[in-house]
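One letter stands for each residue in the lines below.
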Amino acid sequence: MTIQTKAFPKKTKLPPMEQKAGRAGKFISSKPAIILAILAIILALFIAGFLFISLGTRPDLILPPRVFQVLAILLIAVCIGFSTVVFQTLTNARILTPGVLGFENIYMFIQTGIVFFLASGDYFISGTPNFILSVVLMVGFSILVFFPLLIKETKGIYILLLVGMIISTLFASLTIVMQMVIDPAEFDFVQTRMFASFNSPNTSLIIISAVLAAIMIIAMPRPRKLDVLSLGRDNAISLGLNYNAMTIRILIIVSVLVSVSVALVGPIMFLGLLAANLSYQIIKSHRHIFTIPASILIAAVALMGGQFLMERVINSHINIAIIINFIGGIYFIFLLIKQRNKG
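Residues numbered from 1 in each chain as written. Predicted model: local features only at pLDDT ≥ 70, side-chain atom pairs only at ≥ 80, totals over all residues. Heavy atoms only, no water.

### Concerning the overall build of the protein
Stage number 1. Within the protein one finds 14 helices and zero strands.
Stage number 2. Listing every helix and strand of the protein by position from the N terminus yields α-α-α-α-α-α-α-α-α-α-α-α-α-α.
Stage number 3. The proportion of buried residues among the 343 residues of the protein is 46%.
Stage number 4. Expressed as a percentage of contacts within the protein between residues at least 6 apart in sequence, the contacts between residues at least 24 apart total 78%.
Stage number 5. When the accessible area of the protein is evaluated, it comes to approximately 18300 Å², of which 70% is carbon and sulfur surface. (Helix = DSSP H or I, 4+ residues; strand = E, 2+ residues; numbered from the N terminus. Buried < 20%, exposed > 50% of the residue type's maximum accessible area, 1.4 Å probe, protein only. Contact = heavy atoms within 4.5 Å. Areas by Shrake-Rupley, 256 points an atom, 1.4 Å probe, with all protein chains shown as cover.)

### So, the confidence of the model for the protein
Stage number 1. Across the protein, the average pLDDT comes to 79, with 82% of residues at or above 70.
Stage number 2. The element-level mean pLDDT for the protein is lowest in helix α1 (residues 16-29), coming to 47, with helix α2 (residues 32-52) highest at 92.
Stage number 3. Below a pLDDT of 50 lies the segment residues 5-9, which in the model reaches zero contacts outside its immediate sequence neighbourhood of four places, other chains included. (pLDDT = per-residue confidence, 0-100.)

### Things to note about the nonpolar core
Stage number 1. Among the nonpolar cores identified, the biggest contains 91 residues, and Phe198, Leu229 and Ile250 are the most heavily contacted of them.
Stage number 2. Once you skip the residues sitting within four places of it in the chain, Phe198 turns out to touch Gln69, Ala72, Ile73, Ile76, Val265, Ile268, Leu303, Gln307 and Ile320. (Core = buried A, V, L, I, M, F, W, Y, C linked by side-chain atoms within 4.5 Å.)

In structure tokens, the structure reads:
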């Protein structure tokens, strides 16, 4: 009796260059920690260049303001990168960000309203009172409007996007009406708040913002719970998560982080969209222990690198937030088209 053995086809041998490229790609995609390390090195190089190039003859006077600029940029990157990834996990939609839901327009409505109704005092235009008022009103608004939508079934997410767009347009229109009425001299104060600026951050506000951000990040659910939450409402509930309680908790934290970042330096609408989606693409993992740091580092590299190029290389006064919003807007349209084709 003879036993026939099935002949297996021989493996085709790839050329040496393709073998090296395949091994390199597999190695990088399987090592998110290496990608995070590379991003951290790039960020460190940008920070060093921004701090120490063109110090002049009085580094003791030039270096401290630059240090506070770097701290403000890193703080904004942490707030935006962290909040965007967590918010997209909650909504299970990569095209949604807190910025798309109108936080920036709410912020500009608050700033213009302060000038419109309190036209007397410069004290309320900037400083700690303005910061506290902006954060409280934005967080209160998000609790009032967005909680009932997120607690509902999955369709509440789509209603959330629709309501966010409508509210954003409403506040933008009201802001324009008030800006047309106020005195031109008072409009100059409002105009300084329209775009994010890292040129002269308030030291005391950086400390307050850092404390608030640290408290919110500590209060955030652990990455493993966020991984379970990303599986969807039904799966998360079946695996033992208290979905409604976690939704409320996350939305409060996201609202505070976004409000802090906007109130500290001004609106950067599409930075979170860029950072979060690029982190998904380069990390190739849905584990939040990797995607959250990647999003933070990408946001920091974008801000720090842009600020370094504009101030130290090009020597231009172009606001980096305008460039980021322009690129982010194009990327947002690309994501919408990609989502439509996939659907």
